[in-house]
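Structural description and commentary
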Amino acid sequence: MERKNGAATSMFAMYTGKFIKKALSVTKCLVFSISVSWKASRKHFLLRVAFEALGTAVPVAVAFLGRDVINLLVDTVQKGSINEGMYRFMQLLTIILLVQFFNSVFQRFNNICADIHKDKVSNFLNMQVLKKISELDISFFDSPKFYDEITNARRDSQFLQSLAWISINIISAAMQLFVAIPILWRLHWVLPLVLIVSRVPAILVEKNYTRYTYAWTRERAPVERKMAYLQGIAMGRAYAKDVKLFGIFNEMLDRYTVLWNQWFNERKSILLQRGKWAALCSALPQAVTAAITFFIGVQILYRRLTIGDYSFYTGISGQISNGLNSLITAITNIYDSELRITNYMKFLEWKSNLAEGGTLLPSAHPEIEFKDVSFIYPGTERYVLKNLSFHIRPGEKIALVGVNGSGKSTIVKLMLRFYDVTEGQVLVNGVDIREYDLNGLRKLFTAVFQDYANYAFTVRENVTLSDFESEKDEVRVREACSMSGVDRILPKWKKGLDSFLTKQFEEDGEELSGGEWQKIAIARAFFRKNSSVIILDEPTSALDPESEHSMFLRFSELCEGRTAFFISHKLSSVTMADRILVLEGGRIVEEGSYAALMDKGGKFAYLFNLQAEKYIRKGSA
């Protein structure tokens, strides 16, 4: 017996703990969502609360007035006092019309206010997601899971718009029930109880399906991303030439259709099952409502209630039913939203893997040292760099040379602290770069990346992206365009520096070749004057030989007084470097000036002669 009592007590404690934990989680989500609604727009938040409060009083007032009207009409007909009855009837009718008129006005303003507030909340949440993404380091962008979580976070954030108002709906429903239940209770105490109990199955069904549907939705995020990607291929300008040339549209459409059919069939099955059980559960409350209506009718036939009471009590029963329906819907939505908002809040708690340092750089012309650096990209096991060490003096020009995958670009990424080293240290002025303020560290650098970005902005905006604070410095913009060769393209565009690039947003936008886009990227690097280290990662890969030769002459001017890093597969272009580091398998296998490495006849000389031989062969052909 004691064992059974102990087991029962333990089970009760377990369920109580689960309930308390769930209640705390829901409360936390409600507080979070209300704070979002408040921060998005305090004015519209308060207006909506006021309108909702007014809306709860109207139905009960109309039910009372309706009963008085019916009883008045019946009484007037029976007594024959038309004149007196008519005056009272007009009074009641006027009050009802005024109540309904002001209610419709308030509802109209409430709808307008709600639409405006939802837009503000939506924008606030979008900004929140974008800011969080901007705080995360590049390693997150290497993971498919990250994109799945972004998809889920953006979807889940939409539920925040409604969750705050779910709590208001609960208050509104509670007020209706608080007023209506005692009235029906006076008629008979069983009536409100059976109305409440009849809704329990619907609550349980909605709770279970809400949990199942949400789990299914999260699991299908990768499928939804694949569908969006395939749509992007079919509609995107970047893929248009391949789509037309290789005739791959139907293949992309077929792949999309397979994914959509799979997604749709699963979703349809869930909806049908949910609808079937919801329909079955709705039959019980309807039967209970019919029974209550029958009970009220019988009371009137036995003259225990007036005819007006029929309208009044059926109206009150309807208020209780509506209040219970609102409460069930709100509870279901809270459960659904609690799962979503909990995951959204977890997304907002994500932190960058790069710890922020607070030390300011003491010098604008830094010494840079890699000390026994080894590195493995997150989620992989292979060392890209292994025990790498080298030292760069201020103002020194360094070329990084090696075959693809030797670690050249990885060195740049570690220097810019896009990633932290796996082992060893990257030092600037003898201090580990992890101790420096991250933004301050990156301001030391300007770069032309091999995979440079093209922006559908004006020429001026494209160039000044590297230093927005100097956006209006016309002289610097012109100078950067001149040094990069962009000034030779400008005359053929009607709006010059204010010409839009691409037709993505503007009909009169200009379309550029790969070489012209690269000149824009180089102009962006030239425009960033205050950086003391310049990185050139295959900066002329898309340029013709004449432009390339001209550009390297200008690079000498750009690099004057600065530390420079060159990465290039065209080894003739690195002869201007003070020192060349030859990488293989993540290690430095040779180091020295161009002349010294050629005299040595090692790896660099072999690669250089291989390229030279190719050009000679082409020339003789």
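In short, a report on the structure.

Reading the values: rules and limits
Residues numbered from 1 in each chain as written. Predicted model: local features only at pLDDT ≥ 70, side-chain atom pairs only at ≥ 80, totals over all residues. Heavy atoms only, no water. Salt bridge = Lys/Arg side-chain N within 4 Å of Asp/Glu carboxyl O. Helix = DSSP H or I, 4+ residues; strand = E, 2+ residues; numbered from the N terminus. Buried < 20%, exposed > 50% of the residue type's maximum accessible area, 1.4 Å probe, protein only. Pairing = 2+ DSSP bridges. Axes fitted to C-alpha atoms, helices over the stretch in contact; angles between N-to-C directions. Contact = heavy atoms within 4.5 Å. Core = buried A, V, L, I, M, F, W, Y, C linked by side-chain atoms within 4.5 Å. Expected span 1.5 Å × (residues − 1). Arc of directions from axis to C-beta. 1 Å grid on protein atoms, 1.4 Å probe; cavity = no way out; pocket = protein on both sides within 12 Å on 5 of 7 lines; lining within 4 Å. Points joined across faces, edges and corners; volume = space filled by probe spheres on them. Nonpolar A, V, L, I, M, F, W, Y, C, P; charged D, E, K, R; others polar. Phe/Tyr/Trp six-rings, centres within 6.5 Å; stacked < 30°, edge-to-face > 60°.

The next point concerns the pattern of salt bridges. Following the criterion strictly, the structure yields 16 salt bridges and no others. The closest approach of N and O atoms between R220 and E266, which form a salt bridge, is 2.6 Å. Placement of the pair is R220 in the loop between helix 6 (200-219) and helix 7 (221-235) and E266 in helix 9 (residues 249-301), with a sequence separation of 46 residues. We classify R220 as buried; its relative accessible area is 16%. Salt bridges sharing common partners tie together R393, E396, R579 and E591.

Within the open sheet, the six strands sit side by side as 6-7-8-3-9-10. Their pairing is mixed. The open sheet is flanked by strand 6 (445-448) and strand 10 (587-592), the only strands paired with a single partner. Each strand of the sheet is rotated relative to its neighbour by a mean of 20 degrees, with strand direction disregarded. For strand 3 (residues 397-401) and strand 8 (residues 563-567), the ladder comprises four bridges, and the chain directions are parallel. In the strand pairing of strand 8, A399 is matched with F566.

The residue R460 is located in helix 13 (residues 459-464) in this model. Using a relative accessible area of 18% as the deciding quantity, one classes R460 as buried. Leave out the neighbours within four places in its chain, and R460 touches E474, L497 and D498.

Attention now goes to the nonpolar core. Within the largest apolar cluster, 40 residues are counted, with the highest numbers of intra-cluster contacts made by V459, I580 and F604. If you list the elements that add at least two residues to this core, you get strand 3, helix 13, helix 14 (474-484), helix 15 (514-527), strand 7 (533-537), strand 8, strand 9 (579-584) and helix 18 (603-620). Among the elements that make up this core, the one with the highest residue count is helix 15 (eight residues). Leave out the neighbours within four places in its chain, and V459 touches V486, L490, W493, G496, L497, S499, L501 and I520. Of all hydrophobic cores here, the second largest spans 32 residues; its members include F370, I398, I411 and I535.

A few words now on helix 6. Taking 1.5 Å per residue, 20 residues should reach 28 Å; helix 6 reaches 29 Å between its end C-alpha atoms and fits that length. Within helix 6, burial applies to A202, V205, E206, Y209, T210, T213, Y214, W216 and T217. Each buried residue of helix 6 sits inside an arc of 160 degrees when the element is viewed along its axis, so together they form one side.

This part takes up the layout of surface pockets. Of the volumes computed, that of the largest pocket is approximately 810 Å³. If you trace the largest pocket, you find 26 residues lining it, with L416, F418, A447, F449 and Y455 closest to the centre. Of all the elements in the fold, those that place two or more residues in the lining of the largest pocket are helix 11 (408-415), strand 6 and helix 15. By residue number, the principal contributor to the lining of the largest pocket is strand 6, which donates four residues. Residue composition of the lining of the largest pocket, grouped by class: 16 nonpolar, four polar and six charged. As for the second largest pocket, its lining consists of 13 residues, and the residues nearest its centre are S134, L136, L438, N439 and R442. Secondary structure elements with two or more residues in the lining of the second largest pocket: helix 3 (82-135) and helix 12 (438-442). The element best represented in the lining of the second largest pocket is helix 12, accounting for three residues.

Right, let's get into the packing of aromatic side chains. Within a pair of aromatic rings, the relevant descriptors are the distance that separates the centres and the angle that separates the planes. The tally for this structure, following the rule as stated, stands at 15 aromatic pairs. Here the aromatic rings of W38 and F45 are separated by 5.6 Å at their centres, their planes lie at 90 degrees, and the arrangement is edge-to-face. The partly exposed category is assigned to W38, whose relative accessible area is 33%. Centroid distance F370 to F390: 4.7 Å. Interplanar angle 15 degrees. Geometry classified as stacked.

The subject of this paragraph is unusual backbone geometry. Even without glycine at this site, D372 takes up a positive phi of about 50 degrees. Mapped onto the elements, D372 comes out in strand 1 (residues 368-376). With a relative accessible area of 44%, D372 lands in the partly exposed category. Phi at R417 is positive, roughly 55 degrees, even though this residue is not glycine. Checked against the element boundaries, R417 lands in the loop between helix 11 and strand 4 (423-428). Residue R417 is classed as buried on the basis of its relative accessible area, which comes to 1%.

Pairing is antiparallel across the open sheet formed by four strands, whose spatial order is 2-1-4-5. In this open sheet, the two strands that pair with only one neighbour each are strand 2 (383-392) and strand 5 (431-432). The pairing of strand 4 with strand 5 spans two bridges and is antiparallel. Bridging from a neighbouring strand, V428 pairs with V431 of strand 5. Across the sheet, helix 11 touches strand 1 and strand 2, and the angle it forms with strand 1 is around 115 degrees.

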